Amino acid sequence: MDFTLPESALAVQRGVADICARYDLDYWQRCETDKRWPEEVWAELAKGGWLGLAVPEEYGGGGQGLLELAVATETLSSSGAAGGSAFTYVLTPGFGAMTLARHGSARQREDLLPKLATGEIETCFALTEPDAGSNALGISTSARRDGGEFVISGQKIWITGVQRATWMLLVTRTVPAAEARPRSHGLTVFLVNVPEAVAAGRLSYRPIPKMGANTTPSNMVFLDDLRVPAAGVVGEVDQGSRVLWDILNPERILLAASALGGAEVALQAAVRYAREREVFGRPIGANQSVAFPLAQVKAKLELARLMTYKAAWLFDNGLPCGTEANIAKLTASQAAWEAADHAFQTHGGMAYSLEYPVARLLADARIGKVAPVTEELLLNHIATQVLGLPRSF
């Protein structure tokens, strides 16, 4: 077994790290406070070709895989971006480029992949609904055929990045959930031109006030008889579950990678403070009650990294990776939360001061335990699908 990253991933790590070195914790805090996208970092990543990693070379990309995207995400996150980095690599390189490279039609690939590679256009993904929550198969947004078009109506929630997106990957029901046999049948994924749909008055959105991750707004999205040409179908009508799992598994892996980076930022912040802060005549890091929890975080972080890279490797090699993606997401998110929580405790009362990054890191880390899938559902998958325990529903 070879646990060495391939040169392609190491090159990504070096390239992204070189850019990130110019942006410190204060920069990311300002982006969060001002609720603005990290335009400067985005522009440099685009210029360096680091956004087109998953775009095939014939369309102007790097021809790399999910492992390289995960390494890029973790590198950006560990530089200080923490949770804010996830959207940089999930929204467009993950949701957009990787999905279309695998499932897009020839026309979709030709029209969109070159622009996705350069960051000229951006994408978002719309699945979650108010009444379905984590039950992805229970969505009710409907798409009915009308000649050469589909007419779509429904509502989505927690859709991130709509404001910047040129294209939305929209998951709909072309067969109602109650009639679908099996339950995964009857899903269809569409490409929706967001500016055109907004201009036509068929798509609207409303930002949701959030406690963190404010570099990118999340939104309620409303669809009112939106017309999409049949050429906008990604994959096949009624067979969208095949596309969906190739979106959700990479999403979990990339969010795991982001959590790893966030855990690293929080851990290093705690270690610095534990070395520098002196109480009772010695650094507080000399106390085992401070040191041992941080050592535990380090151990869990390294274990989660192994599973994250394994899951990405499996995906790139066309092997089943659902269980590994779930375990990676679960353990990385737990490591991020424990790192941020212990960093908070290490800083004591100073953790409340925005002079330190701890409050931002804590808010970002907490997201991973509930989104995009709750910790309980990840555990339920392991319990029922891996251990063979009986289902509760």
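Scroll up to find the structure this text is about.
What you are looking at is a predicted structure, and each value in this text was computed from that prediction instead of being measured.

A.B. asks: Would you mind going over unusual backbone geometry with me for this structure?
C.D. replies: Excluding glycine, a negative phi dihedral is what most residues carry, and trans is how most peptide bonds are arranged. Here arginine 181 and proline 182 are connected by a cis peptide whose omega angle stands at -5°. Looking at the element boundaries, proline 182 is found in the loop between β4 (167–173) and β5 (187–193). Cis peptide bonds are those with omega within 30 degrees of zero, and the linkage from alanine 371 to proline 372 qualifies with 0°. Phi is positive for tryptophan 158, which is not a glycine, with a value near 60°. Among the secondary structure elements, tryptophan 158 is positioned in strand β3 (residues 149–160).

A.B. asks: Even after reading the chapter, I still don't get the packing of helix α9 (residues 288–316) against helix α10 (residues 322–347), so can you show me in this structure?
C.D. replies: Geometrically, a packed helix pair is captured by the angle between its two axes and the distance between the axes. Their axes nearest at 8 Å, the elements α9 and α10 cross at an angle of 155°. Here α10 runs roughly antiparallel to α9, going by the angle between their axes. Remark: the crossing between α9 and α10 carries left-handed chirality. Two secondary-structure elements touch here, α9 through Val290, Pro293, Leu294, Val297, Lys300, Leu301, Ala304, Met307, Thr308, Lys310, Ala311 and Leu314 and α10 through Glu324, Ala325, Ile327, Ala328, Thr331, Ala332, Ala335, Glu338, Ala339, His342 and Thr346. Here the contact of α9 with α10 is composed, by residue class, of 15 nonpolar, four polar and four charged.

A.B. asks: Would you mind showing me how to read the pattern of salt bridges here?
C.D. replies: Any two side chains of opposite charge can pair, given that their charged atoms come close. The final tally for this structure, using the stated rule, is 17 salt bridges. Note that arginine 107 is salt-bridged to aspartate 111, the shortest N-O span being 2.7 Å. Here the residue arginine 107 and the residue aspartate 111 both occupy positions in helix α6 (residues 106–118), the gap between them amounting to four residues, near one helical turn. The partner of arginine 305 in a salt bridge is glutamate 302, and the shortest N-O contact between them spans 3.0 Å. Here arginine 305 pairs with glutamate 302, and both are found in helix α9, just three residues apart, close to one helical turn. A network of salt bridges, in which partner residues are shared, links Glu74, Glu264, Lys298, Glu302 and Arg305.

About the criteria used
Residues numbered from 1 in each chain as written. Predicted model: local features only at pLDDT ≥ 70, side-chain atom pairs only at ≥ 80, totals over all residues. Heavy atoms only, no water. Helix = DSSP H or I, 4+ residues; strand = E, 2+ residues; numbered from the N terminus. Axes fitted to C-alpha atoms, helices over the stretch in contact; angles between N-to-C directions. Parallel < 35°, antiparallel > 145°, perpendicular 65-115°, else oblique. Left-handed = near helix turned anticlockwise from the far one by under 90°. Contact = heavy atoms within 4.5 Å. Nonpolar A, V, L, I, M, F, W, Y, C, P; charged D, E, K, R; others polar. Salt bridge = Lys/Arg side-chain N within 4 Å of Asp/Glu carboxyl O.

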